[in-house]
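# Working through the structure, step by step
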Amino acid sequence: MKQSSHSLPMLIVLFENLHNFNCRSEERSTLRIPLRANPLLIGTVIAVQAVHILAMYLPGLSDVLEVVVPVPLWKWAALLGIAVSLLLVMELFKALRERHQHSDLSNAPAAGA
């Protein structure tokens, strides 16, 4: 039986696309790395998202994906909000890890002591 919408696969694609930005650095905040630092990544994420959107609307491809009804705009917004949660969680993780590392360094014994 066909799905009534394409929500779960779209959510997964949004998670993956946003996580690509997290993966640019394991330590630095994604928000502190300029987008212009990796134009290939930006272009690829846009292209992948565009292909996914087109696949929902093009006859033949939408049949392959078993999409009966494309994702409505309100659901896009909700899915994007859920996907952004991954970015927020990773930013929190990086901040806490950096804070923990700095506290470990300040508590370390002085050299030669």
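Please refer to the structure placed before this passage.
Residues numbered from 1 in each chain as written. Predicted model: local features only at pLDDT ≥ 70, side-chain atom pairs only at ≥ 80, totals over all residues. Heavy atoms only, no water.

## Brief notes about the overall build of the protein chain
Along the protein chain, the regular secondary structure elements total four helices and zero strands. N-terminal to C-terminal, the α/β element order of the protein chain is α-α-α-α. Per-residue burial for the protein chain yields a buried fraction of 27% across its 113 residues. Within the protein chain, residue pairs in contact and separated by at least 24 positions form 73% of the contacts whose partners lie at least 6 positions apart. (Helix = DSSP H or I, 4+ residues; strand = E, 2+ residues; numbered from the N terminus. Buried < 20%, exposed > 50% of the residue type's maximum accessible area, 1.4 Å probe, protein only. Contact = heavy atoms within 4.5 Å.)

## Brief notes about a nonpolar patch on the surface
There is a patch of nonpolar side chains on the surface, built from L54, L58 and L61 and spanning about 260 Å² of accessible area. You can see L58 is positioned in the loop between α2 (39-57) and α3 (61-64). According to the relative accessible area criterion, L58 is partly exposed, its value standing at 39%. (Patch = residues over 30% accessible without salt bridge, like charges linked within 9 Å, V, L, I, M, F, W, Y side chains within 5 Å. Areas by Shrake-Rupley, 256 points an atom, 1.4 Å probe, with all protein chains shown as cover. Salt bridge = Lys/Arg side-chain N within 4 Å of Asp/Glu carboxyl O.)

## Describing the side chain of S25
With respect to the helices and strands, S25 occurs in the loop between α1 (7-22) and α2. Classification of S25 as buried rests on a relative accessible area of 14%. One polar contact links the side chain of S25 to the main-chain amide nitrogen of R28, over a distance of 2.8 Å. Setting aside its immediate chain neighbours within four residues, S25 contacts I33 and K94. (Polar contact = N/O pair within 3.5 Å; in protein donor to acceptor, adjacent residues only side chain to side chain.)

## Points about the nonpolar core
Looking at soluble globular proteins, one finds that nonpolar side chains tend to be buried together. Grouped together as the largest cluster of nonpolar side chains are ten residues: M10, L11, L14, L18, M56, V67, V71, W76, L79 and A83. Looking at this core, the elements with two or more residues in it are α1 and α4 (73-107). The element contributing the most residues to this core is α1, with four residues. (Core = buried A, V, L, I, M, F, W, Y, C linked by side-chain atoms within 4.5 Å.)

## Side note on the environment of E26
With respect to the helices and strands, E26 occurs in the loop between α1 and α2. Judged by its relative accessible area of 67%, E26 falls in the exposed class. Every residue in contact with E26, bar those within four places of it in the chain, is listed here: K94 and R97.

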